[in-house]
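Single-letter residue listing:
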Amino acid sequence: MAETAAGGKPLSWRLIDGVDRLVAAAWPRGLHGMNGYLFLLPAVALVFILVIGLGYMVEFSLHELDLATYRLKEAYSLTNYQTFFERPVYIRVLWRSLLAAAIVTLITLVLAFPYAYLMVRTTSAATRKFLLVALFLPFFIGQVVRAYGWLIILGKEGLLNSIVTGIGLPPLDLIYNYPAVILGLVQYMLPFAVLLLTPAVAAIGEDIELASESLGATWIGTFRHVVIPMAKPGIIGAGIVVFTLTLTDFAMPEILGGGTSDFIANAIYDSYFQISNIGLGSALSIVLTLVGSALVALMLMIAGTGTLGFAERKS
Amino acid sequence: MSDNRDPFRLNRRRFLKGSALATGALALPQFAFADGHTKKPSELIVRAWGGAWGESLQAGVADPFTEATGIPVRLDFTEDNEIKPKIWAAVDQGRVPPIHVNWDTTTNATISALRGVTVDLGDLKGLDGLLSIAKPTGIDGWPLVNTYSYVYVCAYRPEAFPDGPPESWRVMLDPKFKGRVALYDDGIGFNPIAVIAGGGSMSDIPDNMEPGYQFYRDLKENEPLLGEDADFTTWFQNGEIDIACTISVNARAAKQKGINVEWTVPKEGCKVDTDGLWIPKGLPANEEYWSKRFIEFAITREAQEKWCSLLGLPPVYPGLEPPADLAGDPAYPTAPADFEKLVSVPSPVLVENQPIWFSKFSEIMQG
Amino acid sequence: MVEIRDVSKAFGDVLAVDDASLALPKGEFLTILGPSGCGKTTLLRMIAGFIRPNAGEILINGAAVDNVPPYRRSIGMVFQRLALFPHMTAAQNVAYPLKMRGFDPVTIPDRVSEYLRLVRLDGFEKRRPQELSGGQQQRVAIARALSFSPDLLLLDEPLSALDKKLREEMQLEFRRIQQELGVTTINVTHDQREALVMSDQIVVMSEGRIQQSDSPEAVYRAPSNRFVANFIGLTAMFKGAVEVSGDGGILVRVGDTALKARAQGELGNGTAVDCALRAEQVRILDDPANGDATAFENVVTGEVRQRIFEGDRMVYEISVPALADAVLFAFDHDPLHHAEHRPQSQVKLGWNARDFFAFPSDRT
C-alpha cells in the first residue's frame, strides 16, 4: 500500500488523514457515524438565522405603530393584520402579485421548455454553444440594469417607438404598465427556468421519444404523453422557483410599472421605509410568506409527492 | 488623506463614546478644547440626495468646509427613507450611526426627532440671525435646522401647452394628457393641492381630505406615472410626460441640461416646504462636535448664498439675492405676496397626517 | 414483405451504409449481424423511419415508405435500452401504442392482458418499469412493440445489456414469441450466437456493406468471404497461394506444406489466398477418441503455445512451423478426462478440406 512509502501519499490523502485525526480527537467515538452531518452545519445555521428573523417579524407584526413616538406600542394587537384586510389596496396588490406570478410562470415555462429541449437535443455544437451563451449572458447583467434596458427599447422615444413613428404610426404606450412588468419579469426568469429544465430534459433518452414515435405517436403526442410527464419534476421545480421569485419581486414593478403596478414587495418596502411602519411591513411580509408557502405546498401536493425525486422507488 | 489618521482610532472611538456618555449631555464641546472632544475626524459622512442636489451641496457647503477645516466630506447617497431605519436601529442598539449629518425633509426629520434620535442643535452659532422658518415647529428646541424652502411646482413641456402655461392643476385630468402626467410615488407635495384642486379649501386640511382623494381618483383614470426626483428629469428628457408636480430644482436642472421644460404656479397654488440638516445621536463626541460645525457652516452667509443659488431655492439666511434666472419667479418666494400664492402645511400636521395621506394615495393609485 | 434496394446513407464524410440490398419474406426472422459501427443500426433505423436514406428505397408490403413518418409505419421496435416509459405501468406501456393508434378503447384492456400473457407477465400489470427485473423489462418492451399487431418487428440489440444466462434465455423467448405470432422480424446484433440461434436468415455487415446474406447454416458452413469466416466462430486466418486448382477441391501451399482446401470464389493457379480454419473443425490426433490420422485430409504437427480452460472445453493455441508458424486453434471438449497438452508439447492436428476455406486475398 501507498502508506509504506513515507511521504509518498498524495497531499489530498494526507489532508484528509489530518482532518480525520482532528475529528477523532474532538468527537466522541460513538458519534463518528455522524461525521458527514457536520457538513450540514452551515446550512442549518443559515436556516436557523432565517427562522430567527421570521420570529422577529412575527413579533413586530403584532404591535401597532405609535405615531407620537414612531415606535411600536408595547401592547400586542392584531391592528396590522386588520389593516391588511381592511385596506383594499393590500388585497389588490397581493392579488396583482399572485396573478403576475401565475402569468409569468406560465409564459416562462412555455418559452423555456423548447429552449431547454433544443439545447439538449441539438446535434450542432455551435447551436448549443450559442444557446448557452445567450442564456448565461443575462446572468451577468443585473435585474435593475435589464429593467432600464427595457426602458431604452420600449420608451416613448425608444428603439421600438422610433421604428413605429418612422413608418408614420402614432407612438405606442409600451412601458409603465402591467404588461411591461410581466414582459420584464419573463425575460428575467427565463434563464432560471431553462437551467432548471435542462437536466430534466437531458434525463429523457432520445430513444424514449423514438420509441413513442414508432409506437404511433405524432411529435405532439410524444410531447404530451412522454416528454412532458417525464420532465414533470423539472417543470414543477422551475415553476416553483419562477413563481416564488415573481411573487416576491420588487425591481421590475418599481422600474417598469410606472408606480401604479406595485407588487406586494413594493407595498412592504413602502411600509418599512416610506411610512416607517415596521409593524405593518412585518405583517405584510408574514402574509406574503404564508400565502407563498401555502401555494408552493399546494403545487407540490397536486403534482404528487414523488415530483422532486423524493419517495421515488428505484430498482 | 487626512493628517489625523490614527491607527488606534477604533479604540479611541470606543473610549470617547464611554466618556461622552459619562459626561452626559452637559458636556458642551466648547469647553473641551484640550482633549479628544475636538479632535478632527478622518472624514464626515453627509447623507444627501443625488443629481443636482448632491452637486450643489458638494460645491456650496462640503468643499468650502473641507477647505476651512481640512476635514474631508463624503456624500452618502443612500435614500432618505432607507437611511432613517438604519439610524433608528443604530441608536436603539447603542451603535455608532452610519452617517454624521442627515440632509432630510423637514417632515421626516421631525419624525426622527419625535423618535428621539436627533442631537439638539440649539447651541449652534448663527441660529439667531436666520429667518424664522429655520426653526422647526411643533417640537421643542432645535432637533434640526431648516436650511431653505422649496416649492412643488407645476412643471410642463411648453410644446404640449401652446396656449401658455397651465392655469389650473385640473388640466392633469384632461384625457389629452392620459399617461403623460407625473407625481411623486407617495403623492408628496401634492396632497394639500389635490384638496384645493378637488374643490376643497385650506380649512379642510387635515380633517376633510375627501376632495383631494376624489381628485386622485379622477387622476387615476388618466394613468399618471409615479416616480422620484431623478425620474422626472428622465421622463421630461425622453418625452414620456407633459406635466408633473415636482420640486422646482428638478425642473430647473432639466432646463439647464437643455430640456425644454418650464414651470408655473397654477391658480390653486403650490405646496411650499423646507428641508433641513440634523445629527443622529450616538456619535463619538469629537465627530458630533465637527458635525455641528458642519451645520453651523451650512447656515453661514457664504454657504447659504452658494448652496441655495445652485439649488435655485430661497435660503434661510436673510437678505440674499435670488439667482438671475429666478428673479421674480413664483417658485422662488421672497416677498409676502409670493408666499400668498403658495400653500404651507404646518409641520406637526404633516408629521401626524402624511403617513395617512401616503397610504390613501397608494390605495387609490394601486387600484 | 420487406425489401431494401440499393440503400446508402452517409453522415458527413462517413458512409454508414453502402449500397445495401436485402429481401425478407413474411413471417421470417432476419438478423443483421456485425461488429459495432458496421452500419447495422443505421440500416435498422432507416427501416423504422428515424433516418432517411441518401439513396435507394425501402419497401414494406410492396410500397415504398420513403415519405411515411415512423408513426404511420406499422412497425414495432424494441430498443437497445428498451426505452420503456418510466412514468407508466407495464400495462400502460403496452396500451400506449393502442391509444396512439386509435384502437377502440373498449378492446384495449383485453389486448393488453393478452400480450402480457403472451410474454408471461400476467400479474405484473401495475408495476412500473423500475420495479421489474431486467428480463421482465425485456418482456414489457416486446409486448409493447407487438400489442398493436405490427407488420414488422425491429429489435435493436435489446439483449446486449443482459448477462449471458438471461440473454440466452431471452433469445429463445423472443424466438418462441416470434414464431407463435408469425411476425416478420428484423434483429440487429453483434452476437453471432444470438444470430445463429434465432434467425431464419442472417445478413452479415461490415463497414457499411452487406457481406453475406444467407441461412444461419450457410453463413456458418459456407462463408462467402474472409470477413464472414473470421467473424463467426473462433477462426485461424493465415495466408497461402493456390498450387493446383481443380473441380471444387484445390491445393493451397502454406509455408512448406500443401493443404487441401475448399475454394470460395474463382481461384486460378498461383492466386494469393486467405485461409480460414475454425477451431471446432480441427482434431487433436493424439487423443485416441478423435480417430486416427487417416480420417483427415490435412495433417500437421504443431507446438502448444497456450491453453485456456473454459469449463466445458479447453481451447488450445497451436503454432505450426510447417505452415510458416501459422497459429491454429483447437478445442478439446472433454478436458478433464483426456490427456492435457501442456505448453511446448507437440501435437498432431488434422482437418478436412470441406471445413478449410480459401478466399481470394484482396488485401495484403
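This is a predicted model, so every value here is computed, not measured.

Reading the values: the criteria
- Residues numbered from 1 in each chain as written.
- Chains lettered and ligands numbered in written order.
- Predicted model: local features only at pLDDT ≥ 70, side-chain atom pairs only at ≥ 80, totals over all residues.
- Helix = DSSP H or I, 4+ residues; strand = E, 2+ residues; numbered from the N terminus.
- Rg over C-alpha atoms; globule rule 2.2 N^0.38 Å.
- Buried ≥ 20, exposed ≤ 12 C-beta atoms within 10 Å, placed from the backbone.
- Contact = placed C-beta atoms within 7 Å.
- Nonpolar A, V, L, I, M, F, W, Y, C, P; charged D, E, K, R; others polar.
- Pairing = 2+ DSSP bridges.
- Axes fitted to C-alpha atoms, helices over the stretch in contact; angles between N-to-C directions.

Peer 1: Honestly, the overall build of chain A in this entry has me stumped. Any pointers?
Peer 2: Of regular secondary structure, chain A possesses 14 helices and 2 strands. What you see for chain A is a C-alpha radius of gyration of 26 Å, clearly larger than the 20 Å of a compact globule of 315 residues, by over 25%. Seen along its three principal axes, the alpha-carbon backbone of chain A occupies a region of about 80 × 65 × 40 Å. Sorting the 315 residues of chain A into buried and exposed places 36% on the buried side.

Peer 1: Mind showing me how you'd approach the interface of chain A and chain C here?
Peer 2: Reports of interface size often rely on the accessible area that becomes lost once the parts have come together. Each side of the interface is counted separately: chain A has 18 residues, and chain C has 20 residues. Those elements that place two or more of their residues in the side of chain A that touches chain C are α9 (206-214) and α10 (219-230) of chain A. Of the residues forming the side of chain A that touches chain C, the biggest block, 6 residues, is contributed by α9 of chain A. Of the residues that constitute the side of chain A that touches chain C, the class distribution is 8 nonpolar, 6 polar and 4 charged.

Peer 1: When you look at the sheet that holds strand β8 (residues 184-189) of chain C in this model, what are you seeing that I'm missing?
Peer 2: Hydrogen bonds between backbone atoms are what pair the strands of a sheet, whose relative direction is either parallel or antiparallel. Residue and element names in this part refer to chain C. Taken in spatial order, the 6 strands make up an open sheet running β6-β7-β8-β3-β9-β10, and their pairing is mixed. Edge positions in the sheet fall to β6 (75-78) and β10 (209-214), since each of these pairs with one other strand and no more. For this sheet the average axis-to-axis angle between neighbouring strands, irrespective of direction, equals 15°.

Peer 1: Honestly, the interface of chain B and chain A in this entry has me stumped. Any pointers?
Peer 2: At the junction of the two partners, chain B supplies 25 residues and chain A supplies 26 residues. Contributions of two or more residues to the side of chain B that touches chain A are made by α3 (80-92), α4 (106-115), β6 (225-227) and α12 (347-365) of chain B. Take the side of chain B that touches chain A: its biggest share by element is 7 residues, from α12 of chain B. Partitioned by chemical class, the residues of the side of chain B that touches chain A number 8 nonpolar, 9 polar and 8 charged.

Peer 1: Please explain the sheet that holds strand β12 (residues 249-254) of chain C as it appears in this structure.
Peer 2: Residue and element names in this part refer to chain C. The strand order around the closed barrel built from 5 strands is β11-β12-β13-β20-β14, with neighbouring strands paired in mixed fashion. Across the sheet, the axes of successive neighbouring strands diverge by a mean angle of 55°, strand direction being ignored. When strand β11 (residues 235-245) meets strand β14 (residues 272-278), the two strands line up antiparallel, connected through 7 bridges. Counted as the bridge partner of Phe-238 is Cys-275 from β14.

Peer 1: Can you walk me through the pairing of strand β18 (residues 326-332) of chain C in this structure?
Peer 2: A regular strand carries its side chains on alternate faces of the sheet. Residue and element names in this part refer to chain C. Here β18 shows one buried face, formed by Ala-326, Leu-328, Ala-330 and Asp-332, and one open face, formed by Val-327, Phe-329 and Phe-331. Across 7 bridges, strand β17 (residues 314-320) lies against β18 in antiparallel orientation. Following the sheet pairing, Ser-319 is matched in β18 by Val-327. Hairpin geometry of β17 and β18 is characterised by an intervening segment of 5 residues between the two adjacent antiparallel strands and by a positive phi of about 55° at Ala-324.

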